[in-house]
Amino acid sequence: MHAAGVMHKRNEGVEPRMSEYVRALFQAYYRQVGVDALVPKDLTRREFGFIIPGKKGMVRHQAFLDPKDYKGFLVQNSPAHAYHSATLYNSPWKDRMDQKDYTGCDLIFDIDCDHIETPCKRDHDTWICKGCGGQGAGKAPEKCPKCGGNKFEDRSWLCDVCLDKAKTETRKLIDDFLVKDFGLPADSMEIYFSGQRGYHVHLERDAFRKMGADARREMADYITATGLSISTIGFLPMTKGIRGFTTADPGWAGKIARGLLEAISGMDAGRAISVPPKELELLRANKDVLKKRLLENDINWSLAGIGPGIWGHIIERLIEDLKCAIDVPVTIDVHRLIRAPATLHGKTGFVNCKLTRQQLDAFDPFTDAVVFKGNAEKIKTSSDVPRFRIEDRTYGPYKKDETDTVSIGAAVFLLCRNLCEVVA
Amino acid sequence: MTAQPKPRTIPFNVLCKYPFLNESIAWMQEKSVTPIEALYSHASMTDNIRAIISDALDGKEQTKALRHDDEEGLYIYPWIRIILAFLNLPRLTHRMGNLLSKHFSNLLEQENDLTVLVVARDQSINAEEVPSDKRVAINTVPFPYRLPFLEFLDVAARFKSHAWKLVNKLLKGGYVYLRKHDLVRLLEEVIKLKVIEPSAAASDDALKEAFSSDPLLNPFYEDIAANARERMATAAGGGGMEDLPVDDNAFPPCINAIVEKNARGINLAHSERLFLVYFLLTIGKTVDEVLDLFRNQPDYNEKITRYQVEFAAGKHGKQTQYKPHNCVTLESLGMCKKDDPQFGSKYCTEPKKPFKNPLTFYRRRTWYRAKKASEAASARAGEDDEARVDAAGAASDARGGGNAQAE
């Protein structure tokens, strides 16, 4: 079983560190939070797992019959991370998976900004080679340029750009795929901010819980455009010309046509379109004819200078923009642990927030997920710290051993990442 | 007070033509005729059962022995399933699944729209006609039916063809839009699953006892059983189906999964067959060795299969020798088994160097296994040398001298 949203292997055999300061705050939070907010649907049929400071690895195979016992456990142990199974079992407490008696599994979509390429990652993410200690910015290379080693410690960071992109992808998942294509009402989904890097969307109706791995994979493949064949969906280069799609077509055919119409309409407004310069020029030259045909649902896509090969490139780039960056294994896996609602994230101190589709639009993780507010604290950094924002104040960048007075939310954020200490 | 029979919604002639329907089975149950009574009351039924089983053994996709115009057409279907359950020959069961599903799908293709919809709904495929204001046509081809996507996936997620992936289907507002042919293809799969699913007759001891003690039916069954067992043994190349001449020790998980499926006589999807052939030929298997493997398939036809395997080997057509699919293609086809609990391998999920094609997996494993075998052989040879020296010393001692080396 894997835990979504955590580097599971990193915790194996390692006692997670958490300062007493943070632990006391976590405990205070769990004392005051309402039971109803904490308890997931079907509490008694789920397995729980916790990362608890001072205990090695993950404390697995926990189950609760009474919501009060669950809250009591959280208060007593103040876990750094709390998860429950997306799976429902008849005997969730048994410590062997084959004895738990699987009855179904929520369908989960995970959007994590770790899996989304954003330009800012080059500015705020760093890596350290475990072989020679060499460092670099951005994503870790395949091989260390200094020693050729291939083991790195990734130091990823969070910023508004990354989390905004994750939110955009979540909106795309809900609006363009789950509502429009799969016909699900927006209020039939449970939407959560994970507490760190992204969002989870849960589908908990019985019909979804009964889905097998193959059907889950097919849904994931639809959303990520895996296995999409434009010729199979009707794109036909013929001797007389090119047969394209209309904006009214169901499935990916209509999605591509609507994406193309939006892209060429955006050209007038000066918006960028992500196709190579050569293709862009050809589209620009033909945009009025093409726009007219798309608006009239004309499938004739024959245009001067744009043959099947160039169309192939253009459609490929459109698909890249139109598909959604879900973490596919999370959706397919029916034995996954997922972060528990309204629990605190041990790497940020942020709370896992349940949202409605309307709330998602205005949701600001760096403000709305911050639990510990006010109370200025003096901190001293223990490492270089990139710039970050908590509520309406931006902090850093800091050099190692710098001191500053920050809000309690910012102090918790840095303490959770072992980047500072509170100066008495 | 006796229970009133449920009113029938499907005409009797349709029930006779499609005996797998739930309503057909309900009709038979209402009649309260025991299976053995049904067999005795239809004179030609035993001969027709024998002919249908023979057609299945031949790998046919149509049979002339299924009657569609009277009660016999109804009663023969449960009897075929009862005999399959008694015989317990998985490959014959799969061949029968193939024969009957293809046979009924051919009939359904010729039916009017209403009958296809009625049959689909009886089989819990709740397809509906698309309302006139929501009609869909792609390149002038109409898609008159639609099916909730979860019901579509219940059946179609098993298909391996690219064209049947949800991503390549017309999905809108929770419905997958279908042509009549698509709906019939879904039904074909449902029928196949019904035929091969375990029958309750397998554990019906009373029926078994009544059947085996009947003076006329027992020789009929024994004759069918002997014939089927002999034909299945011949089809497997003279050995048991588990003794296929395939060296699977270095195969990647994706190939192992297909080989195992084939060994159980399960009908392989087109993409699985192609991948298996390309892979086996590329690693150096001969055309005949590949052909032997396919003898296990329910629809095996020596002439067609030989031509196709030889084509893949570059002996016909443009003489192209095709390579097996890359891992990414296998993933999107749902044929990648790297994480499969039965077939998965850490050499796929945690390779020292990433690879793109399962051939690399095979070559690395082959090399590694050869190296280990060679090391083991060297170690054994060293032990033998030591043993020979010891033996020589002992022989010398026995001869009474310490100068064996000088000799």
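Just above, that's the structure.
Residues numbered from 1 in each chain as written. Chains lettered and ligands numbered in written order. Predicted model: local features only at pLDDT ≥ 70, side-chain atom pairs only at ≥ 80, totals over all residues. Heavy atoms only, no water.

Undergrad: Help me understand helix 6 (residues 160–179) of chain A, please; the structure alone is not making it clear to me.
TA: The α-helix advances 3.6 residues per turn, and as a result positions three or four apart in sequence lie on the same side. For helix 6 of chain A, spanning 20 residues, the distance from its first C-alpha to its last is 26 Å, which sits close to the expected 28 Å at 1.5 Å a residue. Within the span of helix 6 of chain A, buried status applies to Cys162(A), Leu163(A), Ala166(A), Lys167(A), Glu169(A), Thr170(A), Lys172(A), Leu173(A), Ile174(A), Phe177(A) and Leu178(A). (Helix = DSSP H or I, 4+ residues; strand = E, 2+ residues; numbered from the N terminus. Expected span 1.5 Å × (residues − 1). Buried < 20%, exposed > 50% of the residue type's maximum accessible area, 1.4 Å probe, protein only.)

Undergrad: For this particular structure, what's the right way to read the sheet that holds strand 6 (residues 175–178) of chain B?
TA: Whether parallel or antiparallel, the strands of a sheet pair through hydrogen bonds between backbone atoms. Residues and elements named next belong to chain B. A sheet is described by the order of its strands in space; here 4 strands give the open sequence 1-4-6-5, paired in antiparallel fashion. At either end of the open sheet lies a strand with only one pairing partner, and these are strand 1 (128–129) and strand 5 (170–172). Sheet topology places strand 5 next to strand 6; 3 bridges connect them, and they run antiparallel. Bridging across to strand 6, Leu171 finds its partner in Val176. Helix 9 (residues 180–196) contacts strand 4 (145–148) and strand 6 of the sheet and is inclined by roughly 110° relative to strand 6. (Pairing = 2+ DSSP bridges. Contact = heavy atoms within 4.5 Å. Axes fitted to C-alpha atoms, helices over the stretch in contact; angles between N-to-C directions.)

Undergrad: It is not clear to me how the side chain of Lys121(A) should be interpreted in this structure. Could you clarify?
TA: Residue and element names in this part refer to chain A. Looking at where Lys121 falls in the secondary structure, it is placed in helix 5 (residues 121–124). Of the side chains bearing the opposite charge, Asp125 lies closest to the buried Lys121, which forms no salt bridge; the N-O distance is 5.3 Å. Sequence-distant contacts of Lys121, that is, excluding residues within four places in its chain, are made with Cys113, Asp114, Ile116, Gly138 and Cys162. (Lys, Arg positive; Asp, Glu negative; His and termini not counted. Salt bridge = Lys/Arg side-chain N within 4 Å of Asp/Glu carboxyl O.)

Undergrad: Looking at this structure, I do not really get the sheet that holds strand 20 (residues 403–406) of chain A. What am I missing?
TA: Residue and element names in this part refer to chain A. The sheet built from 3 strands is open, its strands ordered 20-17-21 with antiparallel pairing. Since the sheet does not close on itself, it has two edges, and those belong to strand 20 and strand 21 (420–422), each with one partner. For this sheet the average axis-to-axis angle between neighbouring strands, irrespective of direction, equals 35°. Relative to strand 20, strand 17 (residues 377–381) runs antiparallel, the two being bridged by 4 bridges. By the bridge assignment for strand 20, Glu377 is matched with Val406. Seen against the sheet, helix 15 (residues 408–416) touches strand 17, strand 20 and strand 21 and runs at an angle of roughly 130° to strand 21.

Undergrad: Help me out: how do you make sense of the nonpolar core in this one?
TA: Nonpolar side chains in soluble globular proteins generally cluster together in the buried interior. Phe182(A), Trp252(A), Trp301(A) and Trp311(A) are the most contacted members of the largest nonpolar core, which has 197 residues in total. Those residues in contact with Trp301(A) that sit more than four places away from it in its chain are Phe235(A), Ile242(A), Gly244(A), Phe245(A), Ile256(A), Ala257(A), Leu260(A), Arg293(A), Leu294(A), Trp311(A) and Ile315(A). Core analysis: the second largest hydrophobic core is formed by 28 residues, Cys254(B), Val259(B), Val277(B) and Tyr362(B) among them. (Core = buried A, V, L, I, M, F, W, Y, C linked by side-chain atoms within 4.5 Å.)

Undergrad: Is there a simple way to explain unusual backbone geometry in this structure?
TA: A negative phi holds for most residues other than glycine; trans holds for most peptide bonds. All names here are of chain A. Each neighbour pair has its own omega, and for Gly396 with Pro397 the value is 0°, a cis peptide bond. Inspection of the secondary structure puts Pro397 in the loop between strand 19 (393–395) and strand 20. Located in the positive-phi region is Ser78, a residue other than glycine, with phi close to 40°. Judged by its relative accessible area of 1%, Ser78 is buried. You will see that Ala225, though not glycine, has its phi angle at about 60°, which is positive. Within the fold, Ala225 resides in the loop between helix 8 (213–224) and strand 13 (236–238).

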